[in-house]
Amino acid sequence: MRITTPSHGDRIAVKIVSGFFLSDVVFTFLPVGVNAVLQFSFGKITPSFFIDPEWSFASIIVFGLALTRILELKVTYQRDRSANVFFLAKICILGLIAAVIGLALVQMKGAGIAVSTHCILWIQFSVLNSGLLLLFMAHLAKERFIESRNQLPQGLEPLRYLRYIVDDLQFARAKIDELTRRIAQRDSFTFSGAAEEAELGAQISRQTREVDHLINELKVSMARLECARRDWGRT
């Protein structure tokens, strides 16, 4: 039996399904789904279901999530400080305002004020679809960015390549510093009695030897890293 490695597109598709549909979308539309199940269990779904305020609440949540995902993508991952960040944030804010307007119109109609049903439907679903599209694009851009960093494709421009290397080294340095602090927190082990020392002593000694072995492996890895850096001048 031949086992094939998932392609680049397959990995992105899986992450989109798990990170977008199974988390953000499913939980956002959970109140709408519950309302639909209740109405269906009582007989049938009435046309008023499509102008319920739950749709506007879903739009507000979607645009809030889109704003969070876009800021995460631009600031944390792409390190983008350009005007694009503020432009996309303003789009999300405008979407939030439109969703609140749709919610206000639904509440006004529920209070007996003559508001066009067609207008409510158009506002609610156009705003909701726009928010879902924006949220999906943010998820897709994030996964593509992460995948491109992991792959480091050939022909990558020098400045972008060096930025990836610097980010990876900073991440590795932070993890090593954190590990150093953890190791320094405890330099000896105490036992409640001779029985516990006899029971756990052998396991602790074995794990301590494994720690020493891994530290030596890190030294070897650092030597290979320095060698690879020195090779830059000869390529």
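The preceding data block contains the structure.
The following refers to the structure shown. All values reported here derive from a predicted model rather than from experimental measurement.

Observations regarding the pattern of salt bridges
- Per the counting criterion, the structure on display carries 4 salt bridges.
- The partner of Arg 182 in a salt bridge is Glu 178, and the shortest N-O contact between them spans 3.1 Å. With Arg 182 and Glu 178 both in helix 6 (residues 158-184), this residue pair falls 4 residues apart, about one helical turn.
- Residue Arg 182 is classed as exposed on the basis of its relative accessible area, which comes to 55%.
- One salt-bridge network, held together by shared partners, links Lys 175, Glu 178 and Arg 182.

Side note on the nonpolar core
- Ranked by size, the top nonpolar core spans 29 residues in total, and within it Phe 29, Trp 55, Ile 120, Leu 128, Leu 132, Leu 134 and Leu 135 carry the most contacts.
- If you list the elements that add at least two residues to this core, you get helix 1 (8-28), helix 2 (30-41), helix 3 (53-77), helix 4 (83-110) and helix 5 (117-151).
- Looking at this core, the element that brings in the most residues is helix 5, giving 9 residues.
- With near-sequence residues (within four places) excluded, Leu 135 lies in contact with Phe 20, Asp 24, Val 62, Leu 65, Ala 66 and Arg 69.

Some points on a nonpolar patch on the surface
- A cluster of nonpolar side chains, contributed by Val 17, Phe 21, Leu 22, Val 26, Phe 27, Leu 30, Val 34, Leu 38 and Phe 42, occupies part of the molecular surface with about 910 Å² of accessible area.
- At the level of elements, helix 1 and helix 2 are the ones that each hand at least two residues to the nonpolar patch.
- Among the elements that take part in the nonpolar patch, helix 1 stands out by supplying 5 residues, more than any other.
- Summarising the element assignment, Leu 22 is placed in helix 1.

Looking at helix 7 (residues 194-230)
- The end-to-end C-alpha separation of helix 7 is 53 Å, in line with the 54 Å expected for 37 residues at 1.5 Å each.
- The largest bend along helix 7 measures about 40° and falls at Leu 200.

Section: the packing of aromatic side chains
- Summed over all chains, the structure comprises 4 aromatic pairs.
- Arranged with centres 5.2 Å apart and planes meeting at 75°, the rings of Phe 49 and Phe 50 form a pair that is edge-to-face.
- Judged by its relative accessible area of 39%, Phe 50 is partly exposed.
- Taking the centre distance of 4.9 Å and the plane angle of 50° together, the rings of Trp 55 and Phe 125 count as tilted. Here Phe 125 lies in helix 5 and Trp 55 lies in helix 3, a separation of 70 residues in the sequence.
- According to the relative accessible area criterion, Trp 55 is buried, its value standing at 12%.
- Feature note: the residues Phe 29, Phe 49, Phe 50, Trp 55 and Phe 125 constitute an aromatic cluster, connected by ring pairs.

The rules we used
Residues numbered from 1 in each chain as written. Predicted model: local features only at pLDDT ≥ 70, side-chain atom pairs only at ≥ 80, totals over all residues. Heavy atoms only, no water. Salt bridge = Lys/Arg side-chain N within 4 Å of Asp/Glu carboxyl O. Helix = DSSP H or I, 4+ residues; strand = E, 2+ residues; numbered from the N terminus. Buried < 20%, exposed > 50% of the residue type's maximum accessible area, 1.4 Å probe, protein only. Core = buried A, V, L, I, M, F, W, Y, C linked by side-chain atoms within 4.5 Å. Contact = heavy atoms within 4.5 Å. Patch = residues over 30% accessible without salt bridge, like charges linked within 9 Å, V, L, I, M, F, W, Y side chains within 5 Å. Areas by Shrake-Rupley, 256 points an atom, 1.4 Å probe, with all protein chains shown as cover. Expected span 1.5 Å × (residues − 1). Bend = angle between axes of the 7 residues up to and from the residue. Phe/Tyr/Trp six-rings, centres within 6.5 Å; stacked < 30°, edge-to-face > 60°.

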